[in-house]
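What follows is the residue order along each chain.
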Amino acid sequence: QAMEAALQGAVFDEQAIRAAKQAVIEDFQPIDDARASAAYRQNVAANLLQRFWLEISRPDVETQVIDHVSG
């Protein structure tokens, strides 16, 4: 609810994303286990929001691995 409140009625810009990323910490209370810490999971959730904003506002910024060559 905090993230929704941070974005509702706001201009969808970098400042709104910063506020929404902070709100993720209030809204998202993940478990802490052997696979990942709760803090890591919160960070990933916030980064997904940042990535979404980058993908729609900055098409020149690559956010996906399209081609991978190993060796």
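Below or above, wherever it landed, is the structure these notes cover.

A few points about the pattern of salt bridges
And step 1. Summed over the entire model, instances satisfying the criterion amount to five salt bridges.
And step 2. The salt bridge involving Arg41 is made with Asp33; its shortest N-O contact spans 2.6 Å.
And step 3. Note on Asp33: relative accessible area 24%, which makes it partly exposed.
And step 4. Close ionic contact of Asp60 with Arg58 constitutes a salt bridge, the shortest N to O distance being 3.2 Å.
And step 5. Asp60 gets classed as exposed once you look at its relative accessible area, which sits at 56%.

Quick notes on a nonpolar patch on the surface
And step 1. A grouping of Phe12, Phe52 and Ile56 is seen on the molecular surface, where their side chains present a nonpolar patch of about 280 Å² in accessible area.
And step 2. Given the relative accessible area of 36%, Phe12 is considered partly exposed.

Let's talk about the environment of Ala23
And step 1. Within the element layout of this structure, Ala23 appears in helix H2 (residues 14-27).
And step 2. Spatially, the C-alpha atom of Ala23 lies 25 Å from that of Ala34, the residues being eleven residues apart in sequence.
And step 3. Apart from the residues lying within four places of it in its own chain, the contact partners of Ala23 are Ala2, Met3 and Ala6.

A few points about the nonpolar core
And step 1. Within the largest apolar cluster, five residues are counted, these being Ile17, Ala20, Leu49, Trp53 and Leu54.
And step 2. Among the elements of the structure, H2 and helix H3 (38-57) are those that each provide at least two residues to this core.
And step 3. Sorting elements by how many residues they give to this core places H3 first, with three residues.
And step 4. Among residues more than four places away in sequence, those in contact with Ile17 are Phe12, Leu49, Gln50 and Trp53.

Quick notes on H3
Because an α-helix completes one turn every 3.6 residues, residues spaced three or four positions apart along the sequence face the same direction.
And step 1. In this model, H3 (20 residues) spans 29 Å end to end at C-alpha, consistent with the 28 Å of a helix rising 1.5 Å per residue.
And step 2. Of all the residues in H3, the buried ones are Ala38, Gln42, Ala46, Leu49, Gln50, Trp53 and Leu54. Down the axis of H3, the buried side of the element spans an arc of 160 degrees, and every buried residue falls inside it. Summarising the geometry of H3, the exposed residues directed more than 90 degrees from the buried face are Tyr40 and Leu48.
And step 3. Tucked inside the fold, the buried residues of H3 contact helix H1 (2-7) and H2.

Rules of the game
- Residues numbered from 1 in each chain as written.
- Predicted model: local features only at pLDDT ≥ 70, side-chain atom pairs only at ≥ 80, totals over all residues.
- Heavy atoms only, no water.
- Salt bridge = Lys/Arg side-chain N within 4 Å of Asp/Glu carboxyl O.
- Buried < 20%, exposed > 50% of the residue type's maximum accessible area, 1.4 Å probe, protein only.
- Patch = residues over 30% accessible without salt bridge, like charges linked within 9 Å, V, L, I, M, F, W, Y side chains within 5 Å.
- Areas by Shrake-Rupley, 256 points an atom, 1.4 Å probe, with all protein chains shown as cover.
- Helix = DSSP H or I, 4+ residues; strand = E, 2+ residues; numbered from the N terminus.
- Contact = heavy atoms within 4.5 Å.
- Core = buried A, V, L, I, M, F, W, Y, C linked by side-chain atoms within 4.5 Å.
- Expected span 1.5 Å × (residues − 1).
- Arc of directions from axis to C-beta.

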